[in-house]
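Examining the three-dimensional arrangement
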Protein chains: 4
Amino acid sequence: MSHNTFGHLFRVTTFGESHGPAIGCVIDGCPPGLAIAAGDFQGDLDRRATGRSRHTSQRREADAVEILSGVYQGRSTGTPIALLVRNTDARSKDYDDLATVFRPGHADFTYQAKYGHRDHRGGGRASARETTMRVAAAVIAKRFLAERLGIAVRGRLSRLGDLVPAALDWSAVEANAFFWPDAAMVPALEAYMDALRKAGDSVGAAIEVVADNVPAGLGAPLYGKLDAELAAALMGINAVKGVAIGDGFDSAGQRGSEHRDAMTPDGFASNHAGGILGGISSGQPIVCSLALKPTSSIRLPVPSVDLDNAPVTVEVTGRHDPCVGIRAVPIAEAMVALVLMDQYLRHRGQCGEPERRTGS
Amino acid sequence: MSHNTFGHLFRVTTFGESHGPAIGCVIDGCPPGLAIAAGDFQGDLDRRATGRSRHTSQRREADAVEILSGVYQGRSTGTPIALLVRNTDARSKDYDDLATVFRPGHADFTYQAKYGHRDHRGGGRASARETTMRVAAAVIAKRFLAERLGIAVRGRLSRLGDLVPAALDWSAVEANAFFWPDAAMVPALEAYMDALRKAGDSVGAAIEVVADNVPAGLGAPLYGKLDAELAAALMGINAVKGVAIGDGFDSAGQRGSEHRDAMTPDGFASNHAGGILGGISSGQPIVCSLALKPTSSIRLPVPSVDLDNAPVTVEVTGRHDPCVGIRAVPIAEAMVALVLMDQYLRHRGQCGEPERRTGS
Amino acid sequence: MSHNTFGHLFRVTTFGESHGPAIGCVIDGCPPGLAIAAGDFQGDLDRRATGRSRHTSQRREADAVEILSGVYQGRSTGTPIALLVRNTDARSKDYDDLATVFRPGHADFTYQAKYGHRDHRGGGRASARETTMRVAAAVIAKRFLAERLGIAVRGRLSRLGDLVPAALDWSAVEANAFFWPDAAMVPALEAYMDALRKAGDSVGAAIEVVADNVPAGLGAPLYGKLDAELAAALMGINAVKGVAIGDGFDSAGQRGSEHRDAMTPDGFASNHAGGILGGISSGQPIVCSLALKPTSSIRLPVPSVDLDNAPVTVEVTGRHDPCVGIRAVPIAEAMVALVLMDQYLRHRGQCGEPERRTGS
Amino acid sequence: MSHNTFGHLFRVTTFGESHGPAIGCVIDGCPPGLAIAAGDFQGDLDRRATGRSRHTSQRREADAVEILSGVYQGRSTGTPIALLVRNTDARSKDYDDLATVFRPGHADFTYQAKYGHRDHRGGGRASARETTMRVAAAVIAKRFLAERLGIAVRGRLSRLGDLVPAALDWSAVEANAFFWPDAAMVPALEAYMDALRKAGDSVGAAIEVVADNVPAGLGAPLYGKLDAELAAALMGINAVKGVAIGDGFDSAGQRGSEHRDAMTPDGFASNHAGGILGGISSGQPIVCSLALKPTSSIRLPVPSVDLDNAPVTVEVTGRHDPCVGIRAVPIAEAMVALVLMDQYLRHRGQCGEPERRTGS
């Protein structure tokens, strides 16, 4: 039991605050013999990083990963892999005025209520900066899943405020700053975001993550359900307010004759289930959705209170994402990969290697 | 780590299959001195039970709880509380034809893929029968939360297929068979369900659960987030496909200026957050939603395959709920109560008693 | 985290008090497909049981195991296996006088200090009666270990008060009531115990457990060390005050040139290490020792206090073992088997199947 | 579940190899508000460090702790406290000849058998270097225990090869290089160790750790027993082969009338139990013993095998402790402190603050 560890056999423990000296993680339980190099992390870390377009926060961190342990001669040894990233572009002065007030929509108030003491700078531990290490840890999980099982995990935006994609073209996703699967709409997104930024406001978003080639059999019938763990993993990302598998909330309005996926000798005829039945993977693509609230740190003023419960007006002027959902795409992929990795090892522990039976 | 245990300090381990001799649970970590009697469980178990109206499965179980341990002289001793309920109305014959086929929409296929061996009768371990023990365990959690902290957890249907409540009157909820907060609509619901049953089909539903008087400070900034654990708890209920906190998926379309809840000396001005900020309770009501898919076991035939992957047609004729979402209301309440109970003990472990500060 | 659960992937949760209606356990994480029948448990349960000779407590329990779940058509399904044993020969009246006093050497005082409330009858949860379920759970572990890995776990007494075996003949162990490996000494043991019982006193004992054919590679370099987990498992048996691996406490007086086991192409030249190096099994026999204190419940009077801290004299007249160490032999075997089972599954999870390399 | 994490609510995860760039740890679950500064660690780290006398390894590490997270304005925030120590005096060349051979008595062989790949330099993860972080983490635990509960944990050598103290004077312990409680014997110890070093051999040792002022009530009746967790903690220290509580192995030869500690209104009349009854602290001093084997890395040659199982002769010429037991004293204290800290938080979680009732 730990509040800062994720997973059971493939365990990731993260540490670090937004404006502390460093952030890092310890990955315990990694299978031995996996090829890992410091440069492997940069790809996904850059996808997650701020400062890569004008539509995200302008904080610029190199996110250079130092491997402190667990890798020898380029391969994992089976012992804890510790990764360290120094914080280099924190501007704590931006937060001086916020030390004694609570920013509405943020963890400021609740953190103070819980611990009675907090590092307010940049949100401290509650900052999305911590997700750097989730993405880094998942680079290792993704590699293992890909090499051993052929699993691929990919994500995309499925909604940006008022906009939804008119087309679903995965090849477009990595070619724009919005992980948007409809290249034709990118200019409209740019304009939408520019207007939003100018207005000093922010907007929510939704993400879809798909995992292909997951073998049937991962998960468990009850509390260790694959969908339950995905739900926790995704809801555990900053700003997420909703999580769904397959048809998600639409299921509430469906008939049984419509929702249940017929089976044929060639596999399932549809995938309303999102690749999970009874908490266990079916061999179909795993399909998850998540909804993220709009950034609370915006220029527009809002009433709040200070540590003495006196009324104040808060205007946040630091560097912030006008839509935190965008950069959450690689984070969501990361969490899905971490869940799959852990479930795979747990399955192998109890049952041995899964059959590579796929349902489609 | 366990696939059949829920919680960390207040731990519930359940066991039993739908058509085995009994189901039961072991509750470990209950604070000592709490008054508990065998009769205490009946209220919530009856709310969850089948056979109480024509709109649920007609299986009739007394659900009489035997306390096997952990209670002495009417009070908890701090040691494991084991509860046992004998299965008395299983009709395994109904499942004889299903031993070698996979029912679409069920865990049959995935269970077989995982374990290579299964008790197919009544869905075995994957049956909703198991939820009896979640509700029973939560009776103890609810009592502790109510007595020590004044917390009340209550649930209601928020959608039944095509129908949504026109009014929200909590006092109506327990007065009809649908946990429906709009008494005027109950006749329409009856007719809707009757038509559905006649058609041999089923329908999905959505549920809202609200926890009042939760003190600020429960949860954690990261993986032990209160919302992440609620998400896992609720997604872990059979048939659930989506989970949301506060404004949930609507958040994706909102502006920051709209979503963030302003604070005043008298508390929060609104509750878009659903009572959780940064993974920690704010003192406002905790508001959770969940969506359940329609029952897959319906009379209407569906293509499927058997154990040899040969095509078959499945028609399920046993006793089933035309809408599993209805009876899931007390189950969802139970899961929320279990999460709150566990988080409270964990908070007390690390930080001592929470301040009873509430945000509204 | 749980105070009543043992293991990580192969998890055993026990419940029940000495004089409650029943004791039982839930075994979670058992690999599927293992043959299990209710009768399988009787052999080891009888070895552990009281009332089989005049040298143990005269409480007579049938210890008939009911399998409540997790087994279908004679094989494990991968879901929790719940086992139940009803208590039938509790004589709670024997304890009426002890409800308000603390028996020296017992958990009475500490239990009261921790929970403020206790079931004093027969020691309640602290009774050795609970070990019935450890032995039952280990029957499943032993079978898996034997069938899949050829592992055999066996124990014997290595000391009984003032007596130590003059010979080590494993074939003698199961042929006497003392698990004594020296048949010629059995009459002396009988006389020794008869004299002790007549004197109203009790005596300590020591046990050795050996596990053969354990593959090299089980365990971990640090906190999940095989020896550390064996130490916890054995120290967790009632009355145990010392635990050792290989040469144990004698190691403190040895030279490095004497203790370290030389290696040859045919295996290790000796086994001072007791089959574990750096927390990981070496392929040699695992050799563990444990020391048990003498039974505290004896007829001889002893000063104590009552709940009000007033002085009293305690004389315990119920049915008790004059040497709890004797019956602890199958319990110690059980704990070793549970540790090996869990470590094997964990190893398979992280690293895949262990090589069957053995060091001797 | 994790192989590199210790504890449940107060969790310490360590990482790092002997000759890697750094070692470190993450302490999760620390209560907020505790005063912590980088300099606080030096005292105990220096007690554990090599190179402080000619009787330990001559590797000289500054062991300068960098606090990476979890502390703000000099106080713990409740989030993970990450500590980092760079390795600066590793001489990996000393190990070049050992890359392909197994050193008898070391984890070389078993590590290779488990993971198939290892960092052989300085023992890699199996090095005692890792214990630096246990001692560092325990500095925080010791402070909390001392400030909040008045608990003091202290250790001493109780045997050094053939020598045992003739007197028990705690004030002498910190005044010599051997943690020896008998100042008059120190010259004899010096001579003994010098002779040993000259002979190229090593020797075992035994340690006693005492914790004073532990309140009654910490622990649990069964698997979470205080003594069981101490046993795991102490057996988990490198080279430990035996662990005992109170009278330990002597208990096997005692009578019940001799061992059980009588109680009086003024407390217990003796402490054979070592402060723990039925797995729960009694309020008396907790007394633990441990035995450590002699260092396996000595100059004297020993037969072994290489990776191809061909015979070789191993002579270890690097820098090694002739008695690892000496420096293990602060490590043993550390492990006891970590167990008490974790048990205290767990007790507070389930039962609230313990009564400060002490049994003596």
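Residues numbered from 1 in each chain as written. Chains lettered and ligands numbered in written order. Predicted model: local features only at pLDDT ≥ 70, side-chain atom pairs only at ≥ 80, totals over all residues. Heavy atoms only, no water.

1. Description of the overall build of chain A
Along the backbone of chain A there are eight helices and 17 strands. Overall, chain A is about 65 × 50 × 35 Å in size when its C-alpha atoms are taken along their principal axes. For chain A, with 360 residues in total, the buried portion stands at 70%. Long-range contacts, defined as pairs at least 24 residues apart, comprise 71% of the intrachain contacts of chain A with a sequence gap of at least 6. Put simply, chain A has 38 plus and 40 minus side-chain charges, and the middle of one group is 2 Å from the middle of the other. (Helix = DSSP H or I, 4+ residues; strand = E, 2+ residues; numbered from the N terminus. Buried < 20%, exposed > 50% of the residue type's maximum accessible area, 1.4 Å probe, protein only. Contact = heavy atoms within 4.5 Å. Lys, Arg positive; Asp, Glu negative; His and termini not counted. Charge placed at Lys NZ, Arg CZ, Asp CG, Glu CD.)

2. Notes on the interface of chain B and chain D
Across the boundary between the two partners, chain B contributes 15 residues, which contact 15 residues of chain D. Between chain B and chain D, roughly 1000 Å² of surface is buried when both sides are summed, and carbon and sulfur atoms account for 58% of that area. Considering only the side of chain B, the residues that lose the most area to chain D are Arg-348, Gly-349 and Gln-350 of chain B, jointly responsible for 49% of the buried surface there. Applying the counting criterion to the chain B and chain D interface returns zero salt bridges. There are nine residue pairs in polar contact (both at pLDDT 80 or more) connecting chain B and chain D. In the side of chain B that touches chain D, the residues fall into eight nonpolar, six polar and one charged. (Buried area = accessible area lost by both parts, 1.4 Å probe. Salt bridge = Lys/Arg side-chain N within 4 Å of Asp/Glu carboxyl O. Polar contact = N/O pair within 3.5 Å; in protein donor to acceptor, adjacent residues only side chain to side chain. Nonpolar A, V, L, I, M, F, W, Y, C, P; charged D, E, K, R; others polar.)

3. Here's the deal with unusual backbone geometry
Excluding glycine, a negative phi dihedral is what most residues carry, and trans is how most peptide bonds are arranged. Positive phi values are uncommon outside glycine, yet Gln-73 of chain A reaches one of about 55°. In this structure, Gln-73 of chain A sits in the loop between strand E5 (71-72) and strand E6 (75-76). The backbone phi angle of Phe-179 of chain B is positive, close to 50°, even though this residue is not glycine. Inspection of the secondary structure assignment puts Phe-179 of chain B in the loop between helix H4 (170-173) and helix H5 (186-199).

4. Section: the interface of chain D and chain C
Residue-level contacts link 104 residues of chain D with 104 residues of chain C. In total, chain D and chain C occlude about 8700 Å² of area from one another, counting both sides; carbon and sulfur atoms represent 63% of this. Sorting the residues of chain D by area buried against chain C places Tyr-223, Lys-241 and Arg-260 of chain D first, and these three jointly supply 11% of that buried surface. Counting across the interface, chain D meets chain C through two salt bridges. A salt bridge links Asp-162 of chain C to Arg-255 of chain D; the shortest N-O distance between them is 3.4 Å.

5. Concerning the relation of the copies chain D and chain C
In the superposition of chain D on chain C (RMSD 0.0 Å, axial shift 0.0 Å), the rotation amounts to 180°. Taken together, the turn and the small shift mark the pair as related by a two-fold rotation axis. In this assembly the copies share their binding face: 100% of the residues contributing to the interface of chain D also contribute to that of chain C. (Least-squares fit on C-alpha atoms with pLDDT ≥ 70 in both.)

6. Considerations on the pairing of strand E3 (residues 22-28) of chain B
Within a regular beta strand, the side chains point alternately toward one face of the sheet and then the other, so they alternate between its two faces. All names here are of chain B. Counting buried residues in E3 gives seven out of seven residues, a clear majority hidden from the surface. Across the two faces of E3 the burial is the same, with Ala-22, Gly-24, Val-26 and Asp-28 and Ile-23, Cys-25 and Ile-27 all buried. In this sheet, strand E7 (residues 81-86) lies alongside E3 in antiparallel orientation, the contact comprising six bridges. Looking at the pairing, Val-26 lines up with Ala-82 of E7. (Pairing = 2+ DSSP bridges.)

7. With respect to the sheet that holds strand E8 (residues 152-160) of chain B
The strand order across the open sheet formed by eight strands is E8(A)-E9(A)-E15(A)-E10(A)-E10(B)-E15(B)-E9(B)-E8(B), and the pairing between neighbours is antiparallel. Sheet topology places strand E8 (152-160) of chain A together with E8 of chain B at the edges, where each strand pairs with a single neighbour. Strand-to-strand twist in this sheet, taken as the mean axis angle between neighbours without regard to direction, amounts to 15°. Alignment of E8 of chain A against strand E9 (residues 205-212) of chain A, held across eight bridges, turns out to be antiparallel. Pairing of Arg-154 of chain A across the sheet is with Val-210 of chain A, part of E9 of chain A. (Axes fitted to C-alpha atoms, helices over the stretch in contact; angles between N-to-C directions.)

8. Some points on the sheet that holds strand E2 (residues 11-16) of chain B
Residues and elements named next belong to chain B. Ordered by their spatial adjacency, five strands build an open sheet running E1-E2-E3-E7-E4, and the pairing between neighbours is antiparallel. The sheet is open, and its two edges are formed by strand E1 (5-6) and strand E4 (66-67), each paired on a single side. Bridge analysis of E4 against E7 gives two bridges, and the strand direction is antiparallel. Each bridged residue has a counterpart across the sheet, and for Ile-67 the counterpart in E7 is Leu-83.

9. Digging into the packing of aromatic side chains
For the structure on display, the rule yields 22 aromatic pairs over all chains. Taking 5.7 Å as the distance between ring centres and 50° as the angle between the ring planes, the aromatic pair formed by Phe-144 of chain A and Tyr-344 of chain A counts as tilted. Placement of the pair is Phe-144 of chain A in helix H3 (residues 131-149) and Tyr-344 of chain A in helix H8 (residues 324-351), with a sequence separation of 200 residues. Accessibility classification places Phe-144 of chain A together with Tyr-344 of chain A in one group, the buried group. Cluster of aromatic residues (ring-pair linked, three or more members): Phe-102 and Phe-109 of chain A together with Phe-268 of chain B. One residue, Lys-114 of chain A, lies across the ring of Tyr-115 of chain A, its end atom 5.7 Å from the ring centre. (Phe/Tyr/Trp six-rings, centres within 6.5 Å; stacked < 30°, edge-to-face > 60°. Lys NZ or Arg CZ within 6 Å of the ring centre and 35° of its normal.)

10. Comments concerning the packing of helix H6 (residues 226-235) of chain C against helix H6 (residues 226-235) of chain D
One way to put it is that H6 of chain C packs onto H6 of chain D with a least axis distance of 7 Å and a crossing angle of 160°. As judged from the angle between their axes, H6 of chain C and H6 of chain D are roughly antiparallel. As for how H6 of chain C packs across H6 of chain D, the hand of that crossing is right-handed. Of the residues in H6 of chain D, those in contact with Asp-227, Ala-228, Ala-231, Ala-232 and Met-235 of chain C of H6 of chain C are Asp-227, Ala-228, Ala-231, Ala-232 and Met-235 of chain D. In terms of residue class, the contact of H6 of chain C with H6 of chain D is built from eight nonpolar, no polar and two charged. (Parallel < 35°, antiparallel > 145°, perpendicular 65-115°, else oblique. Left-handed = near helix turned anticlockwise from the far one by under 90°.)

11. Observations concerning the pattern of salt bridges
Throughout the structure, instances matching the rule amount to 92 salt bridges over all chains. Asp-108 of chain B serves as the salt-bridge partner of Arg-103 of chain B, at 2.8 Å between the closest nitrogen and oxygen. A relative accessible area of 6% places Asp-108 of chain B in the buried class. Asp-44 of chain D is the salt-bridge partner of Arg-47 of chain D, the closest N and O atoms lying 3.0 Å from each other. One end of the pair is Arg-47 of chain D and the other is Asp-44 of chain D, both in helix H1 (residues 42-48) and three residues apart, which spans about a single turn. Each member of the pair, Arg-47 of chain D as well as Asp-44 of chain D, is classed as buried. Because the salt bridges share partners, they merge into one network encompassing Asp-44, Arg-47, Lys-142, Glu-174 and Glu-333 of chain A.

12. Side note on the confidence of the model for chain A
For chain A, the average pLDDT comes to 93, and 98% of its residues sit at 70 or higher. For this predicted complex, the interface score ipTM comes out at 0.96, while the overall pTM is 0.97. (pLDDT = per-residue confidence, 0-100.)

13. A few points about the state of the cysteines
Residues and elements named next belong to chain A. All chains considered together, the criterion is met by zero disulfides over all chains. Of all cysteine sulfurs, the one in Cys-30 lies closest to Cys-25, which takes part in no disulfide; the gap is 11 Å. The class for Cys-25 is buried, based on a relative accessible area of 0%. Looking at Cys-30, the relative accessible area reads 0%, which means it is buried. (Disulfide = S-S within 2.5 Å.)

14. A word on H8 of chain A
Residues and elements named next belong to chain A. Between its first and last C-alpha atoms H8 spans 40 Å; for 28 residues at 1.5 Å apiece the expected length is 40 Å, and the two agree. Its axis deflected by about 35° at Pro-330, H8 carries its strongest bend there. Of all 28 residues in H8, 26 are buried; the element is thus mostly enclosed. Phi for Gly-352, located one or two positions after H8, is positive at around 85°. (Expected span 1.5 Å × (residues − 1). Bend = angle between axes of the 7 residues up to and from the residue.)

15. Some words on the pairing of strand E3 (residues 22-28) of chain C
All names here are of chain C. As defined by bridge partners, strand E2 (residues 11-16) adjoins E3 across six bridges and the pair is classed as antiparallel. When the bridges of E3 are listed, Thr-14 appears paired with Cys-25. Hairpin connection between E2 and E3: a loop of five residues separates the two successive antiparallel strands.

16. So, the environment of Ile-298 of chain B
Residue position: Ile-298 of chain B is located in the loop between strand E15 (286-292) and strand E16 (302-305). Residue Ile-298 of chain B is classed as buried on the basis of its relative accessible area, which comes to 4%. Separated by 18 residues in the primary sequence, Ile-298 of chain B and Val-316 of chain B place their C-alpha atoms 5.5 Å from one another. Contacts of Ile-298 of chain B, omitting those with residues within four sequence positions, involve Gly-256, Ser-257 and Arg-260 of chain A together with Gly-200, Asp-201, Ser-202, Glu-315 and Val-316 of chain B.

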